[in-house]
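Listed here are the chains, written in short residue letters.
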Amino acid sequence: MALLEIRHMTHHFGGLRAVHDYNLSIEPGQVRGLIGPNGAGKTTIFNLITGIYRPSEGQILLDGAPIAGLAPYQIADRGLGRTFQDLRLWRHMTVLEHVKLAHYSKLRYGLFGAFFGTPARHREEDRITRRSMELLEMMNVAHLADQLVPNLPYGAQRRVEMARALATGPKVLFLDEPTAGMNPEELIQMMAIIRKVRQSLGLAIFLIEHRLKMVMELCDIIQTLVFGEVIAEGSPEEIQNNPAVIEAYLGKEIVE
Amino acid sequence: MVFFLQNIINALQWGSFYAMIALGYSMVYSILMLFNFAHGDIFMVGAYIGFGVATGLVTLSATGFIALPGWVILVLTILLSMFLTSFVGMIVERVGYRPLRDAPRASAAITGLMIGIILETGNLALMGARRVSFPPLIESVTYNIGGVFVTNKKILIVVVSLAFMLALHLFVQRTRYGMAMRAMAFDFVVVPLMGVPVNTIARLTFAIGSALAAVAGILFGLAYPVLDPYMGIVFGWKAFVAAILGGRGSIMGATLAGFLLGFIEIFVAMIFPSTLRDLIAYSIILLILVFRPHGFFGEPYSARLRL
Amino acid sequence: MEANRDKSPSHPPRGKGALRRACGRVPLLGWLLAILCAVLLEHYLGKALADLLGLRKIPVLLGVVTILKKPLLMPKTVLFVFLIYALPIGLTARLIREPANWLAERLMRMPVLIPAAVHLAILYAILHIWGDVSAYRVLTLKLTLIAVMLTLSLNVINGYMGEFSCSHPGFMALGAYATSVFTVGLFATDKIFGPALLPEALGVYLFPVALFLGGMVAALGALVIAIPSFRTRGDYLAIISLAFLFIVKSMIENLEFVGGPRGLSSQPDYASLPMVFSACALCVWIINNFVRSTIGKALNAVRDDEMAADAMTVNTRRTKMVAFMFAAFWAGVAGGLFAHVLRYVNPATFGIQKLAEVLAMVYFGGLNSVYGSIVGAVSLSMLSEALRPLEIFKWIIIPLLLILVMIFRPTGLIAFKEFDGRRLMQPRNRPDNEV
């Protein structure tokens, strides 16, 4: 059985059909890519799977258990971590606080501990601080732990967001355009980090990307989405050579 | 039935005060995205300015120097007070809101509250604690229409209010400034780049809102001639609720919600003991907002206070 | 490095920097002990000195009231304040600097509760002795401590969670009435509730229970705001909370068994200074614990980006519910104390004016900051007492001050600062601990 399986997912916004009959099955350790022109519904698919919208039809199974209809925090807790295209960091919180907060559902000390500062709370807080620092080190931003996020350079903010997503303890990591707006140097760093995450944590990764070079290099299997429908699915080579994809999407990009 | 009609008349009068004040809140909101919490007190100041102007004119008239009929005094009072009160509004904008335009909205709410306190206290310091009574400018005439008693003042209040609301509507829809206002309400960030003088429009908005509050103050003085420095609190906060109920920044919504609030209050008082009026009126408002969280005409969007 | 610089003749200590360095190295313990000396001095010698200087009595609030009432007495009052407060505090702090640092260091090696208890005990002693001089001072102190609780609890919603709640006086009213009904009903003879059911002496011990119940009633009331807050944020929630405030107020006005608009009186005299002080200290401690925990930081995440918080496993509904109920609980407790300090409540107390007062304290002191709330509540309460001789002009000066603060520091004086008790109590003889 696949780690994450989606069957016949369809979604309408009012009368508008945003996603039609979407299927996906991700195995542990796999890197999947989702490409498509702007407005094809890529982010909508992410939002449907992670619970921000509830799909009109279809099934989403994580480890065989249905998760459609659960609240986003429940889905995140069960193992779908994500980043956002527009970052969505918390302006008044430090880098370390970001990563610590993503452990929220795993905290066991409860409100009593929070109010009265029990020893259990100190143990838990120390534990998640250590784990958060490890993640920050992995992302090469540990030296920024006490900084507020608006003070960081853009590339570092992206990596903080990645560390935060990893802190939720995901089985599948959803990356929504992780390199959007990055310069070439930051891009290379980010690719190295994604590889590192994959190797050291062995997660499945599902990523939306605009830069085809990156998708082609990183992904095992790629889906191409046009107007909410998958028009092609296959290995990078297959996608590159698929005429429908070239027509719908690659045609314009390659000229660029 | 007669009783019912009688209360509709009362509710129309009562609602027109709320609607006129709510318009001021709503206009400022639509343009600056913040609530002018001092607006209730501007209403109070408007009523007092109206009192001052009216008393002055009545005295002048009594000396026989130029004898003016009551209705002329009323018209002059309304015009002069609108003019004077609009300056109060512009000062409030300059002192309390312009420096805070880029600050968190909650901070601007606090300055508004504080300006309101300053206006109340300033009035108290100037006029003393005694209540003043508004001169009866026109003689009260009561018409009996099939058992329903209508005074000429009530008709006057409702008609004048509606006329001003219509004038505002035309101003916003038809004039160049009105167009600039609507553009700013639509997008505060881009419009200034397109050559619309933001400060002028903001000042104008405060001026118009305050002038309307002054009209409401004078009309209130005609109907209930006793003024006190804290009258703005009760009315201001209720009108503020009406402005929100109508949907943020919607002029139409504010007007309708103002009348709705008037109807709710009058009819609650008609059916229940009058001490329950606030309790029931606010419970209805709370329920409306819980089930229709964006008011009647508001755009649903996830606004939050910027920190 | 810093420590050596003082000794070396090439860097003579100069002006403000020198003063700051000298002060910076006195630990909190030293300051507290120095202030304790000053209030003891006033307690034993204040009357004599006042007579000597020809002042009719000891200046109540550091002389501000006296100066505003009778400007001619200004030189004498200033001299009094200088001799009783400024000079002894400065001297003692300097003299006991080293022993205080030593003591602070010893204390900090023990479990943190012990130094905390020592500091609080000294602080209480200061307030107690200072308050002994006049009943007016005690009343001011109690009301100030209650203001701290209210401000801090409102900051949880308006600062930490970033909603604009207007219902705090309503929560306070719920707590005040619930607590009063409990104590008046059980322990006092009253024309509404009849004779006391239990001996009055027992009531002092049950008073904390009464406060807790008052807090819980307020917390239940907070559900009316918390549940709509799942779907509604910002301005509309502000109005819902405002409507709630008016509903509570007018509901109490219509409840005849608590006296309706006339109010409820004959509360027993349970809210002594130690009681109010302990409640306030507990409130500050618990709220500070909460907002510094990761569970409490979820409030900040919900404020800054709710969708991201949700995606990072934060149960946002639970977070909002907890924040509203928790804040309301403390507002209720503060209300219960308030009713028993004044020994009279009426619904008119809990209106827009109270709301403006509490909001002013929160935004003056600073959002998202325990320090800020303490500073805001203490400075505005004290200022409002000190400016009393100006009569209504007080209500022009204080709002003007707030407008200035909002213009120049829109989030308040000390916003977004963590209150770290442990750090505060550290000895300051080592350079890295200097402030």
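Before reading further, recall that the structure is shown in the block above.
Residues numbered from 1 in each chain as written. Chains lettered and ligands numbered in written order. Predicted model: local features only at pLDDT ≥ 70, side-chain atom pairs only at ≥ 80, totals over all residues. Heavy atoms only, no water.

(A) How the structure looks around the overall build of chain B. Counting secondary structure elements, chain B contains ten helices and four strands. Listing each helix as α and each strand as β along chain B from the N terminus yields α-α-α-α-β-β-β-α-α-α-β-α-α-α. Scaling as 2.2 N^0.38, a compact globule of 307 residues should have a C-alpha radius of gyration of about 19 Å, and chain B matches this with 19 Å. Along the three orthogonal principal directions, the C-alpha set of chain B runs to about 55 × 50 × 40 Å. Evaluated residue by residue, chain B yields a buried proportion of 58% over its 307 residues. For chain B, the accessible area works out to roughly 12800 Å², and carbon and sulfur atoms hold 72% of it. (Helix = DSSP H or I, 4+ residues; strand = E, 2+ residues; numbered from the N terminus. Rg over C-alpha atoms; globule rule 2.2 N^0.38 Å. Buried < 20%, exposed > 50% of the residue type's maximum accessible area, 1.4 Å probe, protein only. Areas by Shrake-Rupley, 256 points an atom, 1.4 Å probe, with all protein chains shown as cover.)

(B) The nonpolar core, seen in detail. Core analysis: the biggest nonpolar cluster contains 296 residues, and Leu242 and Leu337 of chain C have the highest contact counts within it. With residues up to four places along the chain from it excluded, the contact list for Leu242 of chain C reads Trp237, Phe240 and Val241 of chain B together with Cys166, Ile352 and Leu355 of chain C. If you look at the next biggest cluster of nonpolar residues, it comprises 26 residues, including Leu34, Leu62, Phe174 and Ala204 of chain A. (Core = buried A, V, L, I, M, F, W, Y, C linked by side-chain atoms within 4.5 Å. Contact = heavy atoms within 4.5 Å.)

(C) Spotlight on helix H1 (residues 2-32) of chain B. Residues and elements named next belong to chain B. If you check H1, its first and last C-alpha atoms are 45 Å apart, about what 31 residues at 1.5 Å a residue would give, namely 45 Å. The element H1 is extensively covered by neighbouring structure, given that 23 of its 31 residues are classed as buried. In the stretch just after H1, Met33 is the one whose phi turns positive, near 60°. (Expected span 1.5 Å × (residues − 1).)

(D) Inspection of the packing of helix H3 (residues 70-97) of chain B against helix H7 (residues 198-223) of chain B at higher detail. Residues and elements named next belong to chain B. Two numbers describe how H3 lies on H7: the axes approach to 7 Å, and their chain directions differ by 135°. Put simply, H3 runs oblique to H7. Note on packing geometry: the crossing formed by H3 with H7 is right-handed. Contact residues: H3 offers Leu74, Thr77, Ile78, Ser81, Met82, Thr85, Ser86, Gly89, Met90, Val92, Glu93 and Tyr97, while H7 offers Ala202, Arg203, Phe206, Ala207, Ser210, Ala211, Ala214, Val215, Ile218 and Leu222. Within the contact of H3 with H7, the residues separate by chemical class into 14 nonpolar, six polar and two charged. (Axes fitted to C-alpha atoms, helices over the stretch in contact; angles between N-to-C directions. Parallel < 35°, antiparallel > 145°, perpendicular 65-115°, else oblique. Left-handed = near helix turned anticlockwise from the far one by under 90°. Nonpolar A, V, L, I, M, F, W, Y, C, P; charged D, E, K, R; others polar.)

(E) Examining the interface of chain A and chain C more closely. Taken residue by residue, the interface counts 35 residues in chain A and 30 residues in chain C. Counting the surface lost from both chain A and chain C, the interface buries some 2900 Å², and carbon and sulfur atoms represent 68% of this. Per-residue buried area on chain A facing chain C is highest for Tyr73, Tyr104 and Phe115 of chain A; these three make up 25% of the total on that side. Counting the contacts that link chain A with chain C gives two salt bridges. Asp305 of chain C is the partner of Arg88 of chain A in a salt bridge, and the nearest nitrogen-oxygen pair spans 3.0 Å. Take the side of chain A that touches chain C: its biggest share by element is five residues, from helix H4 (residues 110-116) of chain A. (Buried area = accessible area lost by both parts, 1.4 Å probe. Salt bridge = Lys/Arg side-chain N within 4 Å of Asp/Glu carboxyl O.)

(F) View of the side chain of Glu385 of chain C. Assignment of secondary structure puts Glu385 of chain C in helix H17 (residues 370-386). Discounting chain neighbours no more than four positions away, the residues touching Glu385 of chain C are Leu61, Val65, Tyr136 and Thr140 of chain C.

(G) Quick peek at the pairing of strand S8 (residues 204-208) of chain A. Residue and element names in this part refer to chain A. The element S8 is extensively covered by neighbouring structure, given that five of its five residues are classed as buried. Here S8 shows a buried face lined by Ala204, Phe206 and Ile208 and a second buried face lined by Ile205 and Leu207. Relative to S8, strand S3 (residues 31-35) is paired through four bridges, and the arrangement is parallel. Bridge pairing in S8 links Val31 to Ile205. Where strand S7 (residues 172-176) meets S8, five bridges bridge the pair, whose relative direction is parallel. Paired with Phe174 across the bridge in S8 is Phe206. You can see the chain leave S7, run along helix H7 (residues 184-201) and come back into S8, and the turn it takes is right-handed. (Pairing = 2+ DSSP bridges. Right-handed = clockwise from strand over helix to strand, strands pointing away.)

(H) Molecular detail of the environment of Tyr22 of chain A. Among the structural elements, Tyr22 of chain A can be located in strand S2 (residues 16-26). As a C-alpha pair, Tyr22 of chain A and Ala180 of chain A span 158 residues in sequence and 25 Å in three-dimensional space.

(I) Representation of the interface of chain C and chain B in the model. Of the residues lining the interface, 46 residues belong to chain C; the matching set on chain B comes to 48 residues. Interface area, chain C with chain B, both sides summed: about 4000 Å², of which 78% is carbon and sulfur. Looking only at chain C, the three residues that lose the most surface to chain B are Asp235, Tyr236 and Ile239 of chain C, adding up to 18% of its buried area. Asp235 of chain C serves as the salt-bridge partner of Arg105 of chain B, at 2.8 Å between the closest nitrogen and oxygen. At the boundary of chain C and chain B, one finds seven residue pairs in polar contact (both at pLDDT 80 or more). The set of elements that each furnish at least two residues to the side of chain C that touches chain B consists of helix H11 (235-254), helix H13 (294-304), helix H16 (352-365) and helix H18 (394-408) of chain C. In terms of residue count, H11 of chain C provides more of the side of chain C that touches chain B than any other element does, twelve residues in total. For the side of chain C that touches chain B, a count of residues per class yields 30 nonpolar, eight polar and eight charged. (Polar contact = N/O pair within 3.5 Å; in protein donor to acceptor, adjacent residues only side chain to side chain.)

(J) Representation of the sheet that holds S2 of chain A within the structure. Residues and elements named next belong to chain A. One open sheet holds the four strands; their spatial order is S2-S1-S4-S5, and the pairing between them is antiparallel. With partners counted over all chains shown, the strands left at the sheet margins are S2 and strand S5 (65-66), one partner each. Where strand S4 (residues 57-62) and S5 come together, two bridges link them in antiparallel fashion. Paired with Leu61 across the two strands is Pro66, which belongs to S5.

(K) Looking closely at the sheet that holds S3 of chain A. Residue and element names in this part refer to chain A. The strand order across the open sheet built from six strands is S6-S7-S8-S3-S9-S10, with neighbouring strands paired in mixed fashion. The sheet terminates laterally at strand S6 (80-82) and strand S10 (229-234), the two strands that pair on one side only. Across the sheet, the mean angle from the axis of one strand to that of its neighbour is 20°, orientation sign disregarded. Contacts between helix H1 (residues 42-49) and the sheet are confined to S3, S6, S7, S8 and strand S9 (221-226), with S8 contributing the most and set at about 140° to the helix. On top of the sheet, H7 reaches S3, S7 and S8; it is set at about 155° to S8, its chief contact.

(L) The side chain of Thr85 of chain B, seen in detail. Residues and elements named next belong to chain B. Residue placement: Thr85 occurs in helix H3. You can call Thr85 buried: its relative accessible area is 0%. Apart from the residues lying within four places of it in its own chain, the contact partners of Thr85 are Ile42, Gly46, Ile49, Ser210 and Ala214.

(M) Up close: the pattern of salt bridges. In this structure the tally under the stated criterion is 37 salt bridges over all chains. Residue Glu256 of chain C pairs with Arg262 of chain C through a salt bridge whose shortest N-O separation is 3.4 Å. Put simply, Glu357 of chain C and Lys354 of chain C hold a salt bridge, and the shortest N to O gap is 3.6 Å. In this pair, Glu357 of chain C and Lys354 of chain C are both assigned in helix H16, three residues apart and thus about one turn of the helix distant. Its relative accessible area of 35% is what places Glu357 of chain C among the partly exposed residues. Residues joined in a network through salt bridges with shared partners are Glu97 of chain A together with Arg292, Lys297, Glu418 and Asp420 of chain C.

(N) Representation of a positive patch on the surface in the model. On the surface, a cluster of positive charge is contributed by Arg56, Lys57, Lys69 and Lys70 of chain C. Within the fold, Lys57 of chain C resides in the loop between helix H3 (28-53) and helix H4 (64-69). (Patch = residues over 30% accessible without salt bridge, like charges linked within 9 Å, V, L, I, M, F, W, Y side chains within 5 Å. Lys, Arg positive; Asp, Glu negative; His and termini not counted. Charge placed at Lys NZ, Arg CZ, Asp CG, Glu CD.)

(O) How the structure looks around a nonpolar patch on the surface. Among the surface-exposed residues, Phe112 and Phe116 of chain A together with Val112, Leu113, Leu282 and Trp285 of chain C lie close enough to one another that they form a single nonpolar patch of about 570 Å² accessible area. Residue position: Trp285 of chain C is located in helix H12 (residues 273-292). On the basis of relative accessibility, which here comes to 37%, the residue Trp285 of chain C falls in the partly exposed class.

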